[in-house]
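Secondary and tertiary structure notes
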Amino acid sequence: MALKGIKVIELVGLAPAPFCGMLLSDFGATVTRIDRIPYNPVDVLKNGKRNIALDLKKSEGRNIVRDLSKISDVLIEPYRPGVMEKLGLGPDVLMKNNPKLTYARLTGFGQNGTLAARAGHDINYAAISGILSFLGRKDEKPTPPVNLLADFAGGGLMCAFGILAALLARQNTGRGQIIDSAMVEGTAYLGSFLTRSQQLLRWGKARGENLLDTGTFYYDTYETMDGKFMSVGCLEPQFFDTMVKTLGIEDQLSQHDDNIKGKKMLEDIFRTKTQKEWSLIFESTDSCVFPVLDLMEASEHPHNIQRQLYVDNKDTNNIFVPNPSPKLLSTPAESSVLRPKKDEWDEICEILTEIDYSVEKITELVKSNVILVQKRGKL
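In this report, we go over the structure that sits alongside the text. Quick caveat: nothing in here was measured; it's all calculated off a predicted structure. (Residues numbered from 1 in each chain as written. Predicted model: local features only at pLDDT ≥ 70, side-chain atom pairs only at ≥ 80, totals over all residues. Heavy atoms only, no water.)

The seven strands lie next to each other as S6-S5-S4-S1-S2-S3-S10, forming an open sheet whose pairing is mixed. Each of the sheet's edge strands pairs with one partner strand only, and the pair in question is strand S6 (178–182) and strand S10 (371–372). Pairing of strand S4 (residues 74–77) with strand S5 (residues 102–107) involves four bridges; the strand directions are parallel. Bridging across to S5, isoleucine 76 finds its partner in alanine 104. Sheet strands in contact with helix H7 (residues 183–190) are S5 and S6, and its direction is about 70° off that of S6. (Pairing = 2+ DSSP bridges. Helix = DSSP H or I, 4+ residues; strand = E, 2+ residues; numbered from the N terminus. Contact = heavy atoms within 4.5 Å. Axes fitted to C-alpha atoms, helices over the stretch in contact; angles between N-to-C directions.)

Let us now look at the pairing of strand S8 (residues 229–233). Taken together, the five bridges between strand S7 (residues 219–223) and S8 define a ladder with antiparallel strand orientation. Counted as the bridge partner of aspartate 220 is valine 232 from S8. Bridge count between S8 and strand S9 (residues 289–291): three bridges; the pairing is antiparallel. From the neighbouring strand, serine 231 faces S9, where its bridge partner is phenylalanine 290.

Further remarks concern the packing of aromatic side chains. As enumerated under the stated definition, the model contains 11 aromatic pairs in all. Measuring from centroid to centroid gives 5.3 Å for phenylalanine 19 and phenylalanine 152, while their planes differ by 90°, and the two rings are edge-to-face. Placement of phenylalanine 19 in helix H1 (residues 16–26) and of phenylalanine 152 in helix H6 (residues 148–173) is noted, with a sequence separation of 133 residues between them. Overall, phenylalanine 152 belongs to the buried group, its relative accessible area being 17%. Seen in terms of ring centroids, phenylalanine 217 and tyrosine 218 are 5.2 Å apart; in terms of plane orientation they differ by 85°. Their pairing is edge-to-face. Through a chain of ring-to-ring contacts, the aromatic side chains of Tyr222, Phe270, Trp278 and Phe282 assemble into a single cluster. Seen from the ring of tryptophan 278, lysine 273 lies directly overhead, with NZ or CZ sitting 5.8 Å from the centre. Of note, lysine 361 hangs over the ring of tyrosine 357, and the distance from its end group to the ring centre comes to 4.0 Å. (Phe/Tyr/Trp six-rings, centres within 6.5 Å; stacked < 30°, edge-to-face > 60°. Buried < 20%, exposed > 50% of the residue type's maximum accessible area, 1.4 Å probe, protein only. Lys NZ or Arg CZ within 6 Å of the ring centre and 35° of its normal.)

This is the structure:
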C-alpha cells in the first residue's frame, strides 16, 4: 500500500484524531494507538491500529512514548496547547530525539490565539470559522451537518493531508516538522468556494436564498408518496429541461419561474409516486435527479456494489463501513476492518519489542499498571 513502512503514533482522542489515524492506516501506515488509563473502548475508528493503553502520569509510561517516537515517522496529538509539554512529550523533546519526526497537533482553535485554551466541539469550530452561517434554510437558524464539517473534514482529513505534505517535504529536507492543524481554520479552508464566490451572480444573498443552499427549487430534495425523498440538482438548462419533460410539466414550469411556485409544483408532483417509482422513471434520463438512499439502500444500489462502496464483510455485524477513497490503482488501500484482530498481549509485545523491551520488562510494567491489559491470563 502507498504508506507501507510509515510508522505513526496516535494519542487517543475524540473523532478527528482517530479519523486522521484511520486514513493513514487504511492506506498502509502502521498506526500505534496509545490509549488512556482508565481504558475507554468507545472508538469505532480504531480497527487496524495497534493498541496499547499507558498511564502517562507515570514516568515509565511517558518513557514508552519517547522510545516509540524515536522509531516513528509521525505523532498525532489531540490535546489542548501545553498538555504534551507538561508531560515532557512536547515537540521540543521528541523532535530533538528524532529530527525526522512529523509532529501533528490537531486542535479546535490552534496552538495560539485568544481561544487556543478554550474547549469546543464541531458546532463551535464551524461557527467561529464563519462557515456555519451559510448552512440552513431561509428564515431558519443555522444547521450543522452533524459533526462532519469541523471534526472530520476540517480536522481529521486536513490534518492527514498536512501529514502527507510534511512527509513529502521530508524527502527533500531530511527533517520533520510541526503541524498546527486547527479545525476552525480547516473548516474555513474547506469553505473557500463559498467565501470567494460572494460577488458572483446568484450568490452572496442571505442563508437559504442562494443557488446551492435550497434557495432555488431545482436544487433541493422532495418528499415522495412513501415518505422518502428524491434529490434534484438540475442547475444547467439541459438537465432542467429533461427533468420537467420527464415529469410532464415542460409547459407549466421554467427555470426562471418564481421559487415559491416551483417548489410547490415539484412538492405536489413528487408526492404522487413512491421513491422507487420515481427512481425507475429517472433511471434512463440525464437529469440530475436521484433517490436519497439510507445506508441499507445505498449498500444495495447496483452502482455502489459495482464500485465496492462499502466493505463486504460479515464480521462487521451489519455495521456499514465505507471502503477507502480515493482508489489508488497501483497501490490500493484496504479498509482496516478487514485486517485480522490480534491477541492483546501479542500486540503489546509486538509494539514494545520494537523498542527493545523484553517480555520480562513488559510483564513488570503491566503488573505495576503502567500498561493496562484487559486480560492477564498470559502473565
